[in-house]
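# A structural walkthrough
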Amino acid sequence: MKPPRFPIILAAALLVLGAFLPLASSGLAPSLVAKDTLAGLVVPILVLAALLVVASSYRRSNAEMIGLGVIAAVIPFVAKFLGEAKIVATPYLPDVPFHLTTGSLVIWAAAALVVVSTLMAKPDEA
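Residues numbered from 1 in each chain as written. Predicted model: local features only at pLDDT ≥ 70, side-chain atom pairs only at ≥ 80, totals over all residues. Heavy atoms only, no water.

## Structural notes on the overall build of the chain
When its secondary structure is counted, the chain shows 5 helices and 2 strands. Each helix (α) and strand (β) of the chain, taken in turn from the N terminus, gives the series α-β-α-α-α-β-α. Burial statistics for the chain: of 126 residues in total, 39% are counted as buried. Counting only carbon and sulfur atoms, one obtains 74% of the accessible surface of the chain, whose full area is about 6900 Å². (Helix = DSSP H or I, 4+ residues; strand = E, 2+ residues; numbered from the N terminus. Buried < 20%, exposed > 50% of the residue type's maximum accessible area, 1.4 Å probe, protein only. Areas by Shrake-Rupley, 256 points an atom, 1.4 Å probe, with all protein chains shown as cover.)

Structural data, given as structure tokens:
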């Protein structure tokens, strides 16, 4: 077991930061969506951040590290889908515009950092 690579530690820190920022919201009902639906994504994001650090410590294969980065990149889309489903299920808010916010951008930055640092790693680091 070796110490995790610095870009992976930085990506894990960005994931932790992104977990506590709003991932997606709607202009008319931000608290309605964030209250129950999107708050459930905090723990999986934190687990993914810990998994990235552990996988980097054990020097897992490039495919596994890139797979974790892709999973991180998909999380904001899942948040948007869950938020839209919650809004559509609300009878008094039929068609509310829904968009991704700063938490999604931070998580995408972490995912990009994981993928790029894995692809650019020296063979002895991988």
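Anyway, onward from the coordinates.
## Here we look at helix α3 (residues 42-57)
For α3, which comprises 16 residues, the first-to-last C-alpha distance of 23 Å matches the rise-based estimate of 22 Å (1.5 Å per residue) to within 8%. Taken as a whole, α3 has its buried residues at Val-42, Ile-45, Leu-48, Ala-49, Leu-52, Ala-55, Ser-56 and Ser-57. The positive-phi residue at the C-terminal boundary of α3 is Arg-59, with phi of around 50 degrees. (Expected span 1.5 Å × (residues − 1).)

## A short note on the nonpolar core
Core analysis: the largest hydrophobic core is formed by 26 residues, its most contacted members being Leu-15, Leu-23, Ile-45 and Leu-52. Those elements that provide at least two residues to this core are α1 (6-20), α3, α4 (62-89) and α5 (102-119). Not counting residues up to four positions away in its chain, the partners in contact with Leu-52 are Ile-8, Leu-15, Met-65, Leu-68 and Val-114. (Core = buried A, V, L, I, M, F, W, Y, C linked by side-chain atoms within 4.5 Å. Contact = heavy atoms within 4.5 Å.)

## A short note on the pattern of salt bridges
Per the counting criterion, the structure on display carries 1 salt bridge. Notably, a salt bridge pairs Arg-60 with Glu-64, separated by 2.9 Å at the nearest N-O pair. (Salt bridge = Lys/Arg side-chain N within 4 Å of Asp/Glu carboxyl O.)

## A word on the environment of Ile-87
Tracing the sequence through the fold places Ile-87 in helix α4. Between the C-alpha atom of Ile-87 and that of Ser-26, which follows or precedes it by 61 residues, the distance is 8.7 Å.

## Quick notes on the packing of α1 against α3
Where α1 meets α3, the axes come as close as 9 Å, and the angle between the chain directions of the two elements is 175 degrees. In terms of orientation, α1 lies roughly antiparallel with respect to α3. In this structure, α1 uses Ile-8, Ala-12, Leu-15, Val-16, Ala-19 and Phe-20 to contact α3, whose residues at the interface are Val-42, Ile-45, Leu-46, Leu-48, Ala-49, Leu-52, Val-53 and Ser-56. Across the contact of α1 with α3, the residue classes tally to 13 nonpolar, 1 polar and no charged. (Axes fitted to C-alpha atoms, helices over the stretch in contact; angles between N-to-C directions. Parallel < 35°, antiparallel > 145°, perpendicular 65-115°, else oblique. Nonpolar A, V, L, I, M, F, W, Y, C, P; charged D, E, K, R; others polar.)

## Focus on the packing of aromatic side chains
For the structure shown, the criterion picks out 1 aromatic pair. With 5.4 Å between their ring centres and 45 degrees between their planes, Phe-77 and Trp-108 make a pair best called tilted. Here the residue Phe-77 occupies a position in helix α4, and Trp-108 occupies one in helix α5, the gap between them amounting to 31 residues. Note on Trp-108: relative accessible area 26%, which makes it partly exposed. (Phe/Tyr/Trp six-rings, centres within 6.5 Å; stacked < 30°, edge-to-face > 60°.)

## A few points about the packing of α1 against α5
Across the interface, α1 lies against α5 with an axial gap of 8 Å and an inter-helix angle of 165 degrees. With respect to α5, the axis of α1 lies roughly antiparallel. Between α1 and α5 the crossing geometry is left-handed. Here Pro-7, Ile-8, Leu-10, Ala-11, Leu-14, Leu-15, Leu-17 and Gly-18 of α1 come into contact with α5, specifically with Gly-103, Val-106, Ile-107, Ala-109, Ala-110, Leu-113, Val-114 and Ser-117. When its residues are assigned to classes, the contact of α1 with α5 shows 13 nonpolar, 3 polar and no charged. (Left-handed = near helix turned anticlockwise from the far one by under 90°.)

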